Amino acid sequence: MAYDVGDHLVVGIASSALFDLAESDRVFREDGEQAYRRYQEEHRDDPLRPGVAFPFARRLLSLNDISPVDVIVLSRNDPDTGLRVMRSIAHHRLPITRAIFTQGRAPYRFMPALNMCLFLSANDSDVRQAVEAGLPAGRVLDSTFVDDEQDDELRIAFDFDGVLASDSSERVMQAEGLDSFQSHELANAVTPLEPGPLKNFLAAINRIQRREEEHRLANPAYRNRVRVSIVTARSAPAHERAMLSLKRWGVMVNDAFFLGGIGKAGILDVLKPHVFFDDQPLNLTSREVPGVHVPFGVINEPPP
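Note that the structure is a prediction, hence the values are computed from the model and not measured.

Caption draft 1: Examining the overall build of the chain more closely. Helix and strand content of the chain: eleven helices and ten strands. Taking 304 residues into account, the globule formula puts the C-alpha radius of gyration at 19 Å, and the chain, at 20 Å, falls close to it. Referenced to the eigenvectors of the C-alpha coordinate spread, the extents of the chain come out at roughly 60 × 55 × 40 Å. Counting over 304 residues, the chain shows a buried share of 50%. A fraction of 76% describes how many contacts in the chain between residues 6 or more apart in sequence connect residues 24 or more apart. Of the roughly 14700 Å² of accessible surface on the chain, 50% is carried by carbon and sulfur atoms. Side-chain charges in the chain split into 34 positive and 44 negative, and the spacing between the mean points of these groups amounts to 3 Å.

Caption draft 2: Layout of the pattern of salt bridges. A complete count under the given rule lists 28 salt bridges for this structure. The partner of Arg-223 in a salt bridge is Asp-152, and the shortest N-O contact between them spans 2.6 Å. Note that Arg-223 is positioned in the loop between α9 (199–218) and β7 (226–232) and Asp-152 in the loop between β5 (137–140) and β6 (154–158), a separation of 71 residues in sequence. On the basis of relative accessible area, Arg-223 is assigned to the partly exposed category, the value being 49%. A salt bridge links Arg-234 to Asp-161; the nearest nitrogen and oxygen atoms lie 2.7 Å apart. A residue pair is termed long-range when its members are at least 10 positions apart, and Arg-234 in the loop between β7 and α10 (239–249) and Asp-161 in the loop between β6 and α7 (168–176) qualify at 73 residues. Like Arg-234, the residue Asp-161 is buried in the burial classification.

Caption draft 3: Representation of unusual backbone geometry within the structure. Cis geometry marks the peptide bond from Ala-236 to Pro-237; its omega dihedral reads 5°. Its identity is not glycine, yet Arg-93 carries a phi of approximately 60°, on the positive side. With respect to the helices and strands, Arg-93 occurs in the loop between α5 (83–91) and β3 (98–101).

Caption draft 4: Here's a closer look at the pairing of strand β2 (residues 69–75). Among the seven residues in β2, seven count as buried, and that is most of the element. In terms of strand pairing, strand β1 (residues 9–13) meets β2 through five bridges, oriented parallel. Following the sheet pairing, Ile-13 is matched in β2 by Val-73. Direction of pairing for β2 relative to β3: parallel, over a ladder of four bridges. Residue pairing for β3: Leu-74 is matched across the bridge by Ile-100. In this region the chain leaves β2, passes through α5 and returns to the parallel neighbour β3; the handedness of that crossover is right-handed.

Caption draft 5: Examining the packing of α7 against helix α8 (residues 178–187) more closely. Where α7 contacts α8, the two axes come as close as 7 Å, and the packing angle between them is 150°. Classified by chirality, the crossing of α8 by α7 is right-handed. Here Ser-169, Val-172, Met-173 and Glu-176 of α7 come into contact with α8, specifically with Leu-178, Ser-180, Phe-181, His-184 and Glu-185. The class makeup of the residues in the contact of α7 with α8 is four nonpolar, three polar and two charged.

Caption draft 6: Quick peek at α5. Of all the positions in α5, only Arg-84, Val-85, Ser-88 and Ile-89 are classed as buried. Angularly, the buried residues of α5 cover 140° about the axis, an arc narrow enough to put them on a single face. The positive-phi residue at the C-terminal boundary of α5 is Arg-93, with phi of around 60°.

Caption draft 7: Looking closely at the nonpolar core. By size, the foremost hydrophobic cluster in this structure holds 54 residues, and its most contacted members are Leu-9, Leu-18, Leu-60, Leu-120, Phe-158, Phe-201 and Phe-277. Per element, the largest residue contribution to this core is six residues, and it comes from α9. Discounting chain neighbours no more than four positions away, the residues touching Leu-120 are Gly-12, Ile-13, Ala-14, Ala-17, Ala-53, Phe-56, Gly-138, Val-140, Phe-277 and Val-292.

Caption draft 8: Structural detail: the sheet that holds strand β4 (residues 118–121). What the ten strands build is an open sheet, ordered β3-β2-β1-β4-β5-β10-β9-β6-β7-β8; its pairing is mixed. For this open sheet the edge positions go to β3 and β8 (255–258), each flanked by a neighbour on one side alone. Across this sheet, the average inter-strand angle for adjacent strands is 25°, counted without regard to direction.

Caption draft 9: Highlighting the side chain of Arg-225. Among the secondary structure elements, Arg-225 is positioned in the loop between α9 and β7. Classification of Arg-225 as buried rests on a relative accessible area of 8%. Polar contacts involving the side chain of Arg-225 include one to the side chain of Tyr-222, which spans 2.9 Å. For Arg-225, the contacting residues outside a window of four places in its chain are Ser-62, Leu-63, Asp-65, Ile-66, Asp-152, Glu-153, Leu-154 and Glu-212.

What counts and what doesn't
Along every chain, residues carry numbers that run from 1 in the direction the sequence is written. Residues qualify for local features only when their pLDDT is at least 70, as the model is predicted, and side-chain atom pairs are given and counted only at 80 or more; totals for whole chains, interfaces and linings, by contrast, use all residues. Side-chain figures throughout are based on the complete set of non-hydrogen atoms in the structure, without hydrogens or water. Only DSSP runs of H or I covering at least 4 residues are called helices, and only runs of E covering at least 2 are called strands; the numbering of each starts at the N terminus. Every radius of gyration here is taken over C-alpha atoms, with the globule rule written as 2.2 Å times N^0.38, N being the number of residues. Burial here depends on accessible area, computed with a 1.4 Å probe over protein chains only, as a share of the maximum for the residue type. Under 20% is buried, over 50% is exposed, and the range in between is partly exposed. Residue contacts are defined here by distance: any two heavy atoms, one from each residue, within 4.5 Å place the two residues in contact. Throughout, the Shrake-Rupley method with a 1.4 Å probe supplies accessible areas, and for residues the shown protein chains are the sole cover considered. Neither His nor the chain ends contribute to the count of charged residues, in which Lys and Arg are positive and Asp and Glu negative. Every charge is mapped to an atom, namely NZ of Lys, CZ of Arg, CG of Asp or CD of Glu. Note on definitions: salt bridges are taken to be side-chain nitrogens of Lys or Arg within 4 Å of carboxyl oxygens of Asp or Glu. Strand pairing follows a simple DSSP-based rule, namely that at least 2 bridges must link the two strands. Here a crossover is taken to be right-handed if, once the strands point away from the viewer, the path from the first strand over the helix to the second is traced clockwise. Only the stretch in contact is used when fitting a helix axis, every axis being a line fitted to C-alpha atoms; angles between N-to-C directions are given from 0 to 180 degrees. By definition, turning the near helix anticlockwise from the far helix through less than a right angle yields a left-handed crossing, and turning it clockwise yields a right-handed one. Residue polarity is assigned by list, with Asp, Glu, Lys and Arg as charged and Ala, Val, Leu, Ile, Met, Phe, Trp, Tyr, Cys and Pro as nonpolar; anything else, Gly included, falls into the polar class. By construction, the arc corresponds to the directions joining the helix axis to the C-beta atoms. Within this scheme, the nonpolar core is defined by two criteria: the residues are buried Ala, Val, Leu, Ile, Met, Phe, Trp, Tyr or Cys, and they are joined through side-chain atoms within 4.5 Å. Pairs of N or O atoms within 3.5 Å make up the polar contacts considered here, provided that, within protein, one atom can donate a hydrogen while the other can accept it, and that residues adjacent in sequence are counted only when both atoms are side-chain atoms.

Have a look at this one:
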């Protein structure tokens, strides 16, 4: 019988997001493909160091005791050079058993076939092409984040417009300015926004949170491990439309920060999320936070 991922949370992660491939990439850029292949073969038994998305993936997979989660490697490596990736996964004891190696071709094309609600990669071109194809994807950025392995909580933070929601309101902001944006949101306060690229990922996380809560009610000693926040430049009165939209979509967050233009870095330094999704690179400058750029919407369109 085929393995059914229909009710699973399925995330695709490129080897460039899961592991630190800086040295391997240097060999490929400077010496070419054949040198890269020799390098990977010579170092096949040398475990790769954890990359930016490693803490997120490890914690996500730990939730399998509550709800089914699958992380699948989507890699531009060919199956032979990909052996080092799989051996590194085994070395770090990550319960990842599935992988797709596509020898230089973009692997995001297989996301719908695998019911994936998110694809993470360090390859900007792959991520942009995935988003242009209407798929939920983000590019992980370099980070100095130090993972506390004794901390079993998974903290996920999202920007709102252009990430969880469509960019329709952001277009008003960019075209007409803040005052027009506020007036537009007040006039449309009871009209929910269209969902954005990561709304379905949040919905899948919420399913795990509901199962956690059910487990906690049956086992009072259990402490919920997943916490979700939105950190947005919206402020009153525009906050009301954001909250209405979440409710109409059937999703929820634990914390909401409506900052009204205050920098996000200070809040994120306190939250210490294991991943933060934003559509604006300007908000992802803190190297201490594992940032993911979602290249969606008007902010990311090339200038005319």
